[in-house]
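# Reading the structure
What follows is the residue order along each chain.
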Amino acid sequence: MPSVTWAGRSHQLAAGETVLDGLLRNGIEIAHACKAGSCGSCMLRAVAGEIAARAQVGLKDSWKTRGYFLSCMCVPEASLELAEVGAEARIPAQITAVDHLSDDVLRIRLLPERAFEFRAGQYLTLIRDSGLARSYSLASLPNERELELHVRLIPHGRMSTWLNQPETIGSNVQLQGPSGECFYVPGREEQPLLLAGAGTGLAPLWGIVHDALQQGHTGPIHLFHGALRPGGLYLREQLEALAASRSHFSYTPTVLNGPEEGRISVGAIDSIIGTTYPKLVGWRGFVCGDPTLVRSLKRKLFLAGIAMGDIYSDAFLPSV
Amino acid sequence: MHIMSTSNATLFEQLGGQAAVEAAVDNFYRKVLVDERVAHFFDDVDMDRQRGKQKAFLTMAFGGPHNYSGKDMRTGHARLVAMGLNDSHFDAIVELLGGTLKEMGVADELIGQVAAIAESTRADVLGK
């Protein structure tokens, strides 16, 4: 069996075991969250040994050549010597503001120590000193000074509970990323855009809508936001105001349960989209949020006629 | 207008090469997803990854470059065979493929050649 060397000590891996699982089993604290090669928080550096390509999917070329890899995706064939990721891969940032957007959604603002380059709609991984890491979509635009995240409060969630307290403001964290392929690509500016998401799936969609408007998109832009109850439809007033001021932007808030109220549509978000637009040939689609919903929406949009290459999505994977 | 003789062109060239695969794949995949006979085999798959597989399949069936072996076909479909994949499902896929090409205006004679290539994989796909 191959072994991995960490901080001068060698550890045997079990058959088929990933580097991350092997280190955790030996009591070594390595930041991690999704264990699915998506969040990037378990990234390590190999200073000696071979890394298979599948453990480097999605990493920047400059990182790959320096031996960076995702330890949750790496089952090495031969022994490795490992090091922590260097300062170039993580940017220190300070939490400058925390407020409630709804009962269970927090808005977090962060000021990075140096420029954090990203495209609106991508996500980052926030890492605390303890090594606890979670991925969140960016709702802000690249030209804004502060970064904005929407964080769903999860009962007993270690990161969200920590974020939801006044003394967190002023704390320092590390940022890694960005990641994700769900963003607005300039060009074909007359193409109609459909954006759909539930819960904090709104965060990247909010960024993408504003990015498309700033970049001069002229085609219709229709955003559908779903929640269980009306109270979960956060940023609703701002989106209604945006729809009132920009004639080619439309906003449809939807709730799964509840009485008809104002302009809110009641029902499953995918059926509401299907009723509004039975045919979507030539459109571009963006879907974000819960993985089951993302899967069902992608299928719906594809069957309604959107080309697969025109569907951009981001499924929020649970932390494990 | 100069009319080029196509007698020396390969099937893949006559169909329009990789551009034809690109034009066909979304329509073919949509047909598969809504066809009651075969849709359930595609319920739990990642759509982006599946589209890549459909492209590879179409490229092969169009007579294009591929590196499938009979063994790949067997291992790749073993899970589906265990789910009950049989000749009737294979026939349905060949029919949907023909329908896709027909809609693209491909001549019947070429559709027949595509169907024959698809047919040549039947035993491996069904694990016979």
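Relevant structure appears above.
Residues numbered from 1 in each chain as written. Chains lettered and ligands numbered in written order. Predicted model: local features only at pLDDT ≥ 70, side-chain atom pairs only at ≥ 80, totals over all residues. Heavy atoms only, no water.

## Some points on the nonpolar core
All names here are of chain B. Inclusion rule: The set of buried Ala, Val, Leu, Ile, Met, Phe, Trp, Tyr and Cys residues whose side-chain atoms join them within 4.5 Å is what this entry labels a nonpolar core. Think of it in three bands: with a 1.4 Å probe and only protein chains considered, a residue is buried below 20% of the maximum accessible area for its type, exposed above 50%, and partly exposed in between. Going along the chain from the N terminus, every DSSP run of H or I of four or more residues is numbered as a helix, and every run of E of two or more is numbered as a strand. Residues are treated as being in contact if the distance between any of their heavy atoms lies within 4.5 Å.
Counting residues in each nonpolar core, the largest one holds 56 residues, and the members touching the most others are Leu 58, Phe 62 and Leu 97. Among the elements that line this core, the one with the most residues is helix 2 (residues 17-34), at eight residues. Aside from chain neighbours lying at most four places away, what touches Leu 58 is Val 21, Ala 24, Val 25, Phe 28 and Leu 97.

## Observations regarding the layout of surface pockets
Residues and elements named next belong to chain A. As a reminder, the rule being used: Using a grid of 1 Å spacing that covers the protein atoms alone, one calls a set of points a cavity when a 1.4 Å probe fits there but cannot get out, and a pocket when the set is open and has protein on both sides within 12 Å along at least five of seven lines; lining residues are those with an atom within 4 Å of a point. Grid points are joined across faces, edges and corners, and a volume is the space filled by probe spheres set on the points. Polar here means any residue outside two lists: the nonpolar Ala, Val, Leu, Ile, Met, Phe, Trp, Tyr, Cys and Pro, and the charged Asp, Glu, Lys and Arg; Gly therefore counts as polar.
Taken as a whole, the largest pocket holds about 1,700 Å³ of empty space. Gly 37, Ser 38, Tyr 123, Gly 180 and Glu 181 are, among the 50 residues lining the largest pocket, the residues nearest its centre. Of the residues that constitute the lining of the largest pocket, the class distribution is 26 nonpolar, 11 polar and 13 charged. Estimates place the volume of the second largest pocket at around 1,200 Å³. Forming the boundary of the second largest pocket are 48 residues, of which Arg 152, Thr 200, Gly 289, Asp 290 and Phe 316 lie nearest the centre. When contributions to the lining of the second largest pocket are tallied by element, the ones reaching two or more residues are strand 9 (133-137), strand 10 (147-152), helix 3 (158-163), strand 13 (221-227), strand 14 (249-255), helix 7 (291-303) and strand 17 (311-315). Top element by residues in the lining of the second largest pocket is strand 9. It accounts for four residues. The class makeup of the residues in the lining of the second largest pocket is 23 nonpolar, 17 polar and eight charged.

## A few points about the packing of helix 7 of chain A against helix 2 of chain B
Our working definition: Think of each axis as a best-fit line through the C-alpha atoms, taken over the contacting stretch in the case of a helix, with angles from 0 to 180 degrees between the N-to-C directions. With the far helix as reference, a near helix turned anticlockwise by less than a right angle produces a left-handed crossing, and one turned clockwise produces a right-handed crossing.
At a closest axis distance of 10 Å, the pairing of helix 7 of chain A and helix 2 of chain B adopts a crossing angle of 115 degrees. When the axes of helix 7 of chain A and helix 2 of chain B are compared, the crossing they make is left-handed. Every residue of helix 2 of chain B that contacts helix 7 of chain A at A:Arg299, A:Phe302 and A:Leu303 is listed here: B:Asp26, B:Tyr29, B:Arg30, B:Leu33 and B:Val34. Broken down by class, the residue content of the contact of helix 7 of chain A with helix 2 of chain B amounts to five nonpolar, no polar and three charged.

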